[in-house]
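# Architecture at a glance
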Amino acid sequence: MTTSTVATTSTVAAYVASAAKAPLERTTIERRPVSEHDVLIDIKYAGICHSDIHQVQEGWGEAIFPMVPGHEIAGVVAEVGPGVTKYAVGDRVGVGVMVDSCRECANCRAGLEQYCFHGMTGTYNDRDRGGEVTYGGYSTRIVVDENYVVRIPDSLPLEVAAPLLCAGITTYSPLRHWNVGPGTKVAVVGMGGLGHVAVKLAHAMGAEVTVLSQSLRKKDDGLRLGADHYYATSDPTTFDDLAASFDVILSTVSAPLDLAAYFALLKTGGTFANVGLPEQAMSVEPFSLIDGRKTLAGSMIGGIAETQEMLDFCGQHGLGAEIELIDADQINTAYDRVLGSDVRYRFVIDTATI
Ligand code: NAP
Ligand code: ZN
Ligand code: ZN
């Protein structure tokens, strides 16, 4: 343990996809030296987000290989650069979907670094400001600028906190932005990684929460996590029963939806907030929005300050993800299960097994 700058790179173990759709395999990668404002983090746990799978499969377009996915990182600070003021060795910290941004544009200055006009730097499948490829959390260590690191409250075990770094902030930010709280009726579409956290958050915010899932298979869990109602979208009567019911619908679905059917569930003036990122476009039938002055909106993760706010909120409410802790050699099986909507409700890798 040292607080001095180490000028050399370090070799760390990681799980890597060598090409699009390739199974992930163990290898080693280089991490950059710990410079002035950097924090070296011993990664303890890394969540598996459906976005990892979209990118390994090049579902969103060309990606950078070899790829080390993982943007739900929870760990402990192992070393800090000499200019670091926010963190010390031993601190429990997290890293989410971005590790840098320009820091100067209006959005960066407003705490909306995820919408940086010059592009945020993704934790993986991206190039940093110096042009080096970024590698994510399916590894044992990572070096990140302190300004893109957040603190994990002591009340949250690291393994249930890890998924909050993406699933948590991606659902917290739109729930806050569209004022979900007491008196609001919100529907969460999809009871997967993002969806189950959204149910917990919206319940903790005081809203009346309905889950819209493909089936009733996960109904007991949904109600236990805080949903007031749970419906199957495979049952056509659901769309009749719930017509004009919701102030906000938050869709976490990873596949294209029949949007008009969901807009019909909004009250007049309601908002369909989409965070899911299907690999195919979704079409909008204009009449389905104008009748009732409805809004179709989108949202991407959240800024650094808001991510810290979300973690503190979760700490106060004792709110973490429901996880299946896996060894690293189960990552490929876990991917198959996520693709089959068979995740309860986030796979988290114990990085000690990498
Ligand atoms: P996930 O764990 O796989 O959950 C997605 C859920 O969507 C499934 O559990 C399933 O829920 C439902 N679903 C899947 N296929 C469906 C279909 N054909 N029709 C209807 N429902 C379907 O995935 P996740 O990690 O939560 O991520 C969800 C999506 O959000 C992904 O596309 C991901 O890339 C995206 N994402 C976006 C952001 C952002 O910043 N906007 C951040 C992270 C992730 P039921 O079984 O309950 O139906
Ligand atoms: Zn994610
Ligand atoms: Zn910027």
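Everything quoted here is computed from the prediction, not taken from an experiment.

### What to know about the overall build of the chain
- Helix and strand counts for the chain come out as eleven helices and 17 strands.
- Its C-alpha radius of gyration of 20 Å places the chain within 12% of the 20 Å reference for a compact globule of 354 residues.
- In the chain, 67% of the contacts between residues at least 6 apart in sequence involve partners at least 24 apart.
- Carbon and sulfur atoms make up 49% of the accessible area of the chain, which amounts to about 14500 Å² in all.
- Distance between charge centroids for the chain: 3 Å, based on 26 positive and 43 negative side chains.

### Examining the site of ligand 1
- Close to ligand 1 lie 29 residues, the nearest being His50, Met191, Ser213, Lys218 and Arg346.
- Glycine 193 places a polar main-chain atom, nitrogen or oxygen, 2.8 Å from an oxygen atom of ligand 1.
- Of all the secondary-structure elements, those providing two or more residues to the shell around ligand 1 are α1 (50-56) and α5 (193-204).
- The leading source of residues in the shell around ligand 1 is α1, at three residues.
- A breakdown of the residues in the shell around ligand 1 according to their chemical character gives 13 nonpolar, 14 polar and two charged.

### Topic: the coordination of the zinc ion (ligand 3)
- Coordination sphere of the zinc ion (ligand 3), protein contribution only: Cys102 (SG), Cys105 (SG), Cys108 (SG) and Cys116 (SG), at 2.3 to 2.4 Å.
- Taken together, the four donor atoms coordinating the zinc ion (ligand 3) and their angles of 104 to 119 degrees define a geometry best described as tetrahedral.
- Each donor residue of the zinc ion (ligand 3) lies on the same chain, and together they follow the pattern C-x2-C-x2-C-x7-C. Separated by eleven residues along the polypeptide, cysteine 105 in the loop between β6 (98-100) and α2 (106-109) and cysteine 116 in the loop between α2 and β7 (121-122) bring together distant segments of the chain.
- Owing to a relative accessible area of 8%, cysteine 105 belongs among the buried residues under this scheme.

### Details of the packing of aromatic side chains
- Enumeration according to the criterion identifies four aromatic pairs in this entry.
- Taking 5.4 Å as the distance between ring centres and 90 degrees as the angle between the ring planes, the aromatic pair formed by phenylalanine 239 and tyrosine 262 counts as edge-to-face. Note that phenylalanine 239 is positioned in helix α7 (residues 237-241) and tyrosine 262 in helix α8 (residues 259-263), a separation of 23 residues in sequence. As far as burial versus exposure is concerned, phenylalanine 239 and tyrosine 262 are alike and both buried.
- When the centroid spacing of 6.3 Å and the interplanar angle of 65 degrees are considered together, the rings of tyrosine 262 and phenylalanine 272 count as edge-to-face. Note that tyrosine 262 is positioned in helix α8 and phenylalanine 272 in strand β14 (residues 266-274), a separation of ten residues in sequence.

### Here we look at the packing of helix α4 (residues 167-177) against helix α10 (residues 304-317)
- Two elements in contact, α4 and α10, have axes whose closest approach is 10 Å; the angle formed by their N-to-C orientations is 95 degrees. As far as their axial angle goes, α10 and α4 are roughly perpendicular. Here Gly168, Ile169, Tyr172, Ser173 and Arg176 of α4 lie close against α10, whose contacting residues are Glu306, Thr307, Glu309, Met310 and Phe313.
- Counted by class, the contact of α4 with α10 contains four nonpolar, three polar and three charged residues.

### Some details on the domain arrangement of the chain
- Here the chain is described as being made up of domain 1 (10-166 + 321-353) and domain 2 (167-298).
- Of note, the centres of domain 1 and domain 2, computed from C-alpha atoms alone, are 27 Å apart.
- Each side of the interface is counted separately: domain 1 has 16 residues, and domain 2 has 21 residues.
- The contact between domain 1 and domain 2 buries some 1600 Å² in all, and 45% of this surface belongs to carbon and sulfur atoms.
- It is Cys166, Glu322 and Tyr345 in domain 1 that bury the most area against domain 2; as a group they hold 36% of the surface buried on that side.
- At the boundary of domain 1 with domain 2, the tally comes to three salt bridges.
- With a closest N to O distance of 3.3 Å, glutamate 322 and arginine 224 form a salt bridge.
- At the junction of domain 1 and domain 2, the tally comes to 16 residue pairs in polar contact (both at pLDDT 80 or more).

### Thoughts on the side chain of threonine 134
- By the secondary structure assignment, threonine 134 is in the loop between β7 and β8 (141-145).
- Threonine 134 gets classed as buried once you look at its relative accessible area, which sits at 8%.

### A few points about the sheet that holds strand β12 (residues 229-232)
- The strand order β12-β11-β10-β13-β14-β15 describes an open sheet built from six strands, whose pairing is parallel. Each having just a single partner strand, β12 and β15 (295-298) make up the two edges of the open sheet. Pairwise comparison of adjacent strand axes, ignoring direction, gives a mean angle of 20 degrees for this sheet.
- Here strand β11 (residues 208-213) pairs with β12 via four bridges, running parallel. When the sheet's bridge partners are listed, serine 213 is paired in β12 with alanine 232.

Parameters and conventions
- Residues numbered from 1 in each chain as written.
- Chains lettered and ligands numbered in written order.
- Predicted model: local features only at pLDDT ≥ 70, side-chain atom pairs only at ≥ 80, totals over all residues.
- Heavy atoms only, no water.
- Helix = DSSP H or I, 4+ residues; strand = E, 2+ residues; numbered from the N terminus.
- Rg over C-alpha atoms; globule rule 2.2 N^0.38 Å.
- Contact = heavy atoms within 4.5 Å.
- Areas by Shrake-Rupley, 256 points an atom, 1.4 Å probe, with all protein chains shown as cover.
- Lys, Arg positive; Asp, Glu negative; His and termini not counted.
- Charge placed at Lys NZ, Arg CZ, Asp CG, Glu CD.
- Near = heavy atom within 4 Å.
- Polar contact = N/O pair within 3.5 Å; in protein donor to acceptor, adjacent residues only side chain to side chain.
- Nonpolar A, V, L, I, M, F, W, Y, C, P; charged D, E, K, R; others polar.
- Donors = N, O, S within 2.8 Å, 3.2 Å for Na, K, Ca; no water.
- Tetrahedral: all angles 85-135°; square planar, octahedral: opposite > 155°, others 65-115°.
- Buried < 20%, exposed > 50% of the residue type's maximum accessible area, 1.4 Å probe, protein only.
- Phe/Tyr/Trp six-rings, centres within 6.5 Å; stacked < 30°, edge-to-face > 60°.
- Axes fitted to C-alpha atoms, helices over the stretch in contact; angles between N-to-C directions.
- Parallel < 35°, antiparallel > 145°, perpendicular 65-115°, else oblique.
- Domains from an automatic or database assignment.
- Buried area = accessible area lost by both parts, 1.4 Å probe.
- Salt bridge = Lys/Arg side-chain N within 4 Å of Asp/Glu carboxyl O.
- Pairing = 2+ DSSP bridges.

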